[in-house]
Structure formats: C-alpha cells, structure tokens
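In case you want the letters, here they are:
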Amino acid sequence: NPDALFGGFALYRDTANMDTSIQVLGFWWWWLFIVPSLRSRRPTGAEKKALDIAFLGTPAISLLSPVVTKDTGIIWFANLAVVAGAYGFAFLAGEEDADDDDNKKQPGWLRFIYKSLDFGSGRERGARQ
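Residues numbered from 1 in each chain as written. Predicted model: local features only at pLDDT ≥ 70, side-chain atom pairs only at ≥ 80, totals over all residues. Heavy atoms only, no water.

### Some thoughts on a nonpolar patch on the surface
(1) Moving on: Together, Leu25, Trp29, Leu32 and Phe33 make up an exposed nonpolar region whose accessible area comes to about 350 Å².
(2) Moving on: Take Leu25: it is sitting in helix α3 (residues 20–39).
(3) Moving on: According to the relative accessible area criterion, Leu25 is partly exposed, its value standing at 36%. (Patch = residues over 30% accessible without salt bridge, like charges linked within 9 Å, V, L, I, M, F, W, Y side chains within 5 Å. Areas by Shrake-Rupley, 256 points an atom, 1.4 Å probe, with all protein chains shown as cover. Salt bridge = Lys/Arg side-chain N within 4 Å of Asp/Glu carboxyl O. Helix = DSSP H or I, 4+ residues; strand = E, 2+ residues; numbered from the N terminus. Buried < 20%, exposed > 50% of the residue type's maximum accessible area, 1.4 Å probe, protein only.)

### Structural notes on the packing of aromatic side chains
(1) Moving on: Enumeration according to the criterion identifies six aromatic pairs in this entry.
(2) Moving on: Seen from their ring centres, Trp30 and Trp76 are 5.3 Å apart, and the 55° between their planes marks the pair as tilted. Here the residue Trp30 occupies a position in helix α3, and Trp76 occupies one in helix α5 (residues 72–92), the gap between them amounting to 46 residues.
(3) Moving on: Ring pairs connect the aromatic residues Trp28, Trp31 and Phe55, which therefore count as one cluster.
(4) Moving on: The ring of Phe55 has Arg39 sitting right over it, with the charged end atom 4.5 Å from the ring centre. (Phe/Tyr/Trp six-rings, centres within 6.5 Å; stacked < 30°, edge-to-face > 60°. Lys NZ or Arg CZ within 6 Å of the ring centre and 35° of its normal.)

### So, the pattern of salt bridges
Two side chains carrying opposite charge are able to pair once their charged atoms lie near each other.
(1) Moving on: Within the structure shown, the criterion is met by three salt bridges.
(2) Moving on: The closest approach of N and O atoms between Glu47 and Arg41, which form a salt bridge, is 2.2 Å.
(3) Moving on: The salt bridge partner of Lys48 is Asp52, with a shortest N-O separation of 3.1 Å. Taken as a pair, Lys48 and Asp52 lie in helix α4 (residues 45–68) at a separation of four residues, close to a single helical turn.
(4) Moving on: Residue Asp52 is classed as buried on the basis of its relative accessible area, which comes to 5%.
(5) Moving on: Residues joined in a network through salt bridges with shared partners are Arg39, Lys48 and Asp52.

### Things to note about the environment of Ser65
(1) Moving on: Here Ser65 shows up in helix α4.
(2) Moving on: Through-space distance from the C-alpha of Ser65 to that of Ala78 is 8.4 Å; in sequence the pair is 13 residues apart.

### Here's the deal with the nonpolar core
Buried together is how nonpolar side chains tend to be arranged in soluble globular proteins.
(1) Moving on: Judged by nonpolar contacts, Trp30, Val35, Leu51, Ala54, Phe55, Val83 and Ala86 together constitute the single largest core of seven residues.
(2) Moving on: At the level of elements, α3, α4 and α5 are the ones that each hand at least two residues to this core.
(3) Moving on: Discounting residues that sit within four places of it in the chain, Val35 has contacts with Trp30, Leu51, Ala54, Phe55 and Val83. (Core = buried A, V, L, I, M, F, W, Y, C linked by side-chain atoms within 4.5 Å. Contact = heavy atoms within 4.5 Å.)

### Quick look at the confidence of the model for the protein chain
(1) Moving on: On average, residues of the protein chain carry a pLDDT of 76, and 66% of them reach 70 or more.
(2) Moving on: Averaged over each element, pLDDT in the protein chain is lowest for helix α2 (residues 10–13) (57) and highest for α5 (92). (pLDDT = per-residue confidence, 0-100.)

### A closer look at α4
(1) Moving on: Its 24 residues place the ends of α4 34 Å apart at the C-alpha level, agreeing with the 34 Å of an ideal helix rising 1.5 Å per residue.
(2) Moving on: Of all the bends in α4, the greatest reaches close to 30° and is centred on Ser62; the proline Pro66 follows between one and four positions later.
(3) Moving on: Inspection of α4 places Ala46, Glu47, Ala50, Leu51, Asp52, Ala54, Phe55, Gly57, Thr58, Pro59, Ser62 and Ser65 among the buried residues, and these make up the whole buried set. (Expected span 1.5 Å × (residues − 1). Bend = angle between axes of the 7 residues up to and from the residue.)

### Re the packing of α4 against α5
For any two helices packed against each other, one specifies the inter-axial angle together with the distance between the axes.
(1) Moving on: Interhelical geometry of α4 versus α5 gives an angle of 155° and a closest axis separation of 8 Å. The pairing of α4 with α5 is recorded here as roughly antiparallel in orientation. The way α4 lies across α5 gives a crossing that is right-handed.
(2) Moving on: When the residues that make up the contact of α4 with α5 are grouped by side-chain class, the tally is 16 nonpolar, five polar and two charged. (Axes fitted to C-alpha atoms, helices over the stretch in contact; angles between N-to-C directions. Parallel < 35°, antiparallel > 145°, perpendicular 65-115°, else oblique. Left-handed = near helix turned anticlockwise from the far one by under 90°. Nonpolar A, V, L, I, M, F, W, Y, C, P; charged D, E, K, R; others polar.)

Structure representation (structure tokens):
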C-alpha cells in the first residue's frame, strides 16, 4: 500500500504543485537512464537498432514536445511511444547484417551517427580501420 508509505509526504498527495525540475526529470528519465541501461547490456541485431533509434528519438521528443504541451505525463508517454515504436520498427523491418557492404550503402552522416553511438564497443582502442 503506497499510501501507508508515502501518504504523509506533500508531494505524494499534491503532484500538481511539484517543482518543475522534478516533473521534467520524469520524462528525461527515458533518455538519461532507461535507454542507456538497456544499451549497456550490449544488445545485438534488431534490439541494438531499436535502442539506437530510441537513443536518438527520445531527446528529440523531450526537447520538441514542450512546444506543443506542458503536460509532463503526455511527454512521458510520447517517449514511451518512441521507444516502443523503435522496437516495433526494428523488429518488423527485419534483422539486417551489419556487413561492411551494407554500411557503404548508408549515407556518411548516418554512418557517423551510428559510429558515435557505439563508443563503448571496444573499437576505441584503435581496432577501428
């Protein structure tokens, strides 16, 4: 029963008067903690593609959606929809092999973004050619 634990705190009862910085942290949580935590498991294939898309999409939603709405709950669910949509797109689009031939077909700016996203894949020690 959360009411027994948190009922005495004013923030539990009156979330409308919560500090704006705390409310904003609620929807930035996706980009700051949730997606990086999922990426830290070193996923491969479609899941890696989905998390790369989500890592790029969630800050865009978090930056652009306050122009449309100030409701942090709606922005949080928009971030959830981006992550779920990224997974849906990656798994429905099929798992493509990341061969060098496939990478040559992608535009240079997209290869740069994907290379930037893989900063911890062991390639930082000079193995990248």
